[in-house]
Amino acid sequence: MEAQGTTRSTDEALIRELLEKWADATRLGKHDEVLVFHASDVTIFDVLPPLKYEGADAYRKSWDDWQPTTESSGRFEIHDLKITAGQDVAFAYCLIHCGGAQPDGGTFEDWVRATFCLHKLAGKWLVTHQHISMPIGKQSGNR
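The rules we used
- Residues numbered from 1 in each chain as written.
- Predicted model: local features only at pLDDT ≥ 70, side-chain atom pairs only at ≥ 80, totals over all residues.
- Heavy atoms only, no water.
- Helix = DSSP H or I, 4+ residues; strand = E, 2+ residues; numbered from the N terminus.
- Contact = heavy atoms within 4.5 Å.
- Disulfide = S-S within 2.5 Å.
- Patch = residues over 30% accessible without salt bridge, like charges linked within 9 Å, V, L, I, M, F, W, Y side chains within 5 Å.
- Areas by Shrake-Rupley, 256 points an atom, 1.4 Å probe, with all protein chains shown as cover.
- Salt bridge = Lys/Arg side-chain N within 4 Å of Asp/Glu carboxyl O.
- Buried < 20%, exposed > 50% of the residue type's maximum accessible area, 1.4 Å probe, protein only.
- Pairing = 2+ DSSP bridges.

1. Remarks on the overall build of the chain
When helices and strands are counted, the chain shows three helices and six strands. When the helices and strands of the chain are read in sequence order from the N terminus, they spell out α-α-β-β-α-β-β-β-β. In the chain, the share of contacts with a sequence separation of at least 24, taken over all contacts with a separation of at least 6, comes to 50%.

2. A closer look at the state of the cysteines
Across all of its chains, the model carries zero disulfides by this definition. Of all cysteine sulfurs in the structure, the one in C94 sits closest to C98, which takes part in no disulfide; the separation is 9.7 Å.

3. Let's talk about a nonpolar patch on the surface
Among the surface-exposed residues, V47, L48 and M134 lie close enough to one another that they form a single nonpolar patch of about 190 Å² accessible area. Position of M134 among the secondary structure elements: in the segment after strand 6 (124-133).

4. Some words on the pattern of salt bridges
In total, this model carries six salt bridges according to the counting rule given. For R75, the salt bridge is made with E77, and the minimal N-O distance between the two is 3.5 Å. Close ionic contact of R75 with E109 constitutes a salt bridge, the shortest N to O distance being 3.6 Å. Within this pair, whereas R75 is found in strand 3 (residues 75-85), its partner E109 is found in strand 5 (residues 107-121), the two being separated by 34 residues in sequence. The partly exposed category is assigned to E109, whose relative accessible area is 31%. One network of salt bridges, with partners in common, ties together R75, E77 and E109.

5. Examining the pairing of strand 4 (residues 89-101)
Inspection of the sheet shows strand 3 paired to strand 4 by nine bridges, in the antiparallel sense. Looking at strand 4, one finds that F76 is bridged to C98. Connecting the antiparallel pair strand 3 and strand 4 is a turn made up of three residues. Taken together, the 13 bridges between strand 4 and strand 5 define a ladder with antiparallel strand orientation. Paired with A90 across the strands is L118, a residue of strand 5. Hairpin connection from strand 4 to strand 5: five residues lie between these consecutive antiparallel strands, with G105 at a positive phi of about 95 degrees.

Written out as structure tokens, the structure is:
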């Protein structure tokens, strides 16, 4: 029984590291690294149209259309991350604090919700579904 708990904690730690690397790559604009832990056939629901993306390539192609331009690395911080891992499937959810300074001197700041479904394939965890949503109503500073 102990070995199973140890494996579960190890898997949870691996998933936490994977999601932190995803957040770092997103914040730093490292586009080639953002989807390295996503399955090629991932389904992603995001806050901006078209809202549903079938596959990592479709999601990557959309970035230039909606990704905000910031003066330096923006804010993209994971908060309250919770992870539940089984033997070969897992899910995680968190809040993400986003923001940054824009070239015109303006700033933006939002909180979004994120849910991730993961599948362990050939011993490696991959995101197979990602859902990012934004609550309707007052955004800035509300959690």
